[in-house]
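Observations on the model geometry
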Amino acid sequence: MRLFVGLGNPGGKYANNRHNIGFMAVDEIARRHGFGPWRRRFQGETSEGTLDGEKVVLLRPTTFMNESGRAVQEAANFFKLSAGEITVFQDELELPPAKVRVKIGGGIAGHNGLRSISSHIGNEYRRVRLGIGHPGVKELVHSHVLSDFAKSDRPWVEALCEAVADAAALLTTGRDSTFQNKVHLALQARGFFEKGDDGAV
């Protein structure tokens, strides 16, 4: 069994924020794979289903980003999951828009959602880092992540969430590099990257 956590802030005010791309990704996984209805539990909302025969619980914490770890810990304790069985979908400033990187452990790069999760369950969980780009100067970071995607961003955001959802089963069996490749090639096929772009950043 696996726990897939999408990071974001609850409520309509934040729904289209860059910071909420983790919510968008798990929503698309639920939609594309026919997961059950969302229900309130573990200081969040969960939806259950299977990916390639593996049971997966999707979790959207409703604690606000800075307290995401409380919801993740509650769910992990209930299902008796180790950090290695948990995958977190997060926005990543240090990656260009639509780029994806998967890593296990490592630093949190100032991400408050990851800081909270690491403080509750340790650091050895998988992160699916979804690139939202950097505004260029540190002072603009806060307003950048808490503002909505521009209308011109919507095509790649939707394509990225669809590609992530289509390839999500690979994450349940630890085929992280294959997942990265599939997502990159799907976006390339839709014209978001140049043909010579191998996905490196």
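None of these values were measured; they are calculated from a predicted model.

Criteria and thresholds
- Residues numbered from 1 in each chain as written.
- Predicted model: local features only at pLDDT ≥ 70, side-chain atom pairs only at ≥ 80, totals over all residues.
- Heavy atoms only, no water.
- Helix = DSSP H or I, 4+ residues; strand = E, 2+ residues; numbered from the N terminus.
- Rg over C-alpha atoms; globule rule 2.2 N^0.38 Å.
- Buried < 20%, exposed > 50% of the residue type's maximum accessible area, 1.4 Å probe, protein only.
- Areas by Shrake-Rupley, 256 points an atom, 1.4 Å probe, with all protein chains shown as cover.
- Lys, Arg positive; Asp, Glu negative; His and termini not counted.
- Charge placed at Lys NZ, Arg CZ, Asp CG, Glu CD.
- Pairing = 2+ DSSP bridges.
- Axes fitted to C-alpha atoms, helices over the stretch in contact; angles between N-to-C directions.
- Contact = heavy atoms within 4.5 Å.
- 1 Å grid on protein atoms, 1.4 Å probe; cavity = no way out; pocket = protein on both sides within 12 Å on 5 of 7 lines; lining within 4 Å.
- Points joined across faces, edges and corners; volume = space filled by probe spheres on them.
- Nonpolar A, V, L, I, M, F, W, Y, C, P; charged D, E, K, R; others polar.
- Parallel < 35°, antiparallel > 145°, perpendicular 65-115°, else oblique.
- Left-handed = near helix turned anticlockwise from the far one by under 90°.
- UniProt positions renumbered as here; feature names shortened; annotations may be inferred.

Digging into the overall build of the protein
Along the protein, the regular secondary structure elements total seven helices and seven strands. Reading the helices (α) and strands (β) of the protein from amino to carboxyl end gives β-α-β-β-β-α-β-β-α-β-α-α-α-α. Computed over C-alpha atoms, the radius of gyration of the protein comes to 16 Å, within 12% of the 17 Å expected from 2.2 N^0.38 for 201 residues, which places it in the range of a compact globule. Here the C-alpha coordinates of the protein stretch approximately 45 × 40 × 30 Å along the principal axes. Counting across all 201 residues of the protein, residues that qualify as buried make up 53%. When the accessible area of the protein is evaluated, it comes to approximately 9,100 Å², of which 49% is carbon and sulfur surface. Across the protein, the mean location of the 26 positive side-chain charges is 3 Å away from that of the 23 negative side-chain charges.

Quick notes on the sheet that holds strand S7 (residues 126-131)
Spatial ordering of the open sheet is given by S2-S3-S4-S1-S5-S7-S6, a layout of seven strands whose pairing is mixed. The open sheet has two free edges, formed respectively by strand S2 (39-41) and strand S6 (100-104), since each of these has just one partner strand. For this sheet, the mean angle separating the axes of adjacent strands, direction not counted, is 30 degrees. Here strand S5 (residues 86-92) pairs with S7 via six bridges, running parallel. Its bridge partner being in S7, glutamate 92 is matched across the sheet by glycine 131. Sitting on the sheet, helix H1 (residues 21-32) is in contact with strand S1 (2-6), strand S3 (44-51), strand S4 (54-61), S5 and S7, with an inclination near 145 degrees to S4. Contacts between helix H3 (residues 112-121) and the sheet are confined to S5 and S7, with S5 contributing the most and set at about 155 degrees to the helix.

A closer look at empty space enclosed by the protein
Here the structure, examined in full by the defined rule, presents one cavity of 30 Å³ or more. There is about 30 Å³ of room inside the largest cavity. Every residue lining the largest cavity is listed: Gln90, Glu92, Lys103, Gly107, Ile108, Ala109, Leu114, Arg127 and Arg129. Counting residues per element, the ones that place at least two in the lining of the largest cavity are S5 and S7. Across the lining of the largest cavity, the residue classes tally to three nonpolar, two polar and four charged.

Description of the packing of H1 against helix H5 (residues 154-167)
The geometry of H1 relative to H5 is characterised by a closest axis approach of 8 Å and an angle of 55 degrees between their N-to-C directions. When the axes of H1 and H5 are compared, the pair comes out oblique. Relative to H5, the crossing made by H1 is right-handed. Here Ile21, Met24, Ala25, Glu28, Ile29 and Arg32 of H1 lie close against H5, whose contacting residues are Arg154, Trp156, Val157, Leu160, Cys161, Glu162, Val164, Ala165 and Asp166.

Some words on the UniProt feature "active site" (unreviewed entry) in the protein
Mapped onto the present numbering, the UniProt feature "active site" (unreviewed entry) falls at His19. Relative to the elements of secondary structure, histidine 19 occurs in the loop between S1 and H1. Look past the residues within four positions of histidine 19 in its chain and what remains in contact with it is Leu7, Gly8, Asn9, Met65, Asp91, His111, Val145 and Leu146.

Points about the environment of leucine 51
Note on placement: leucine 51 falls in strand S3. Judged by its relative accessible area of 1%, leucine 51 is buried. In sequence terms leucine 51 and histidine 33 are 18 residues apart; their C-alpha atoms lie 7.5 Å from each other. Beyond its immediate sequence surroundings of up to four residues, leucine 51 is in contact with Phe4, His33, Phe35, Val56, Ala168, Ala169 and Thr172.

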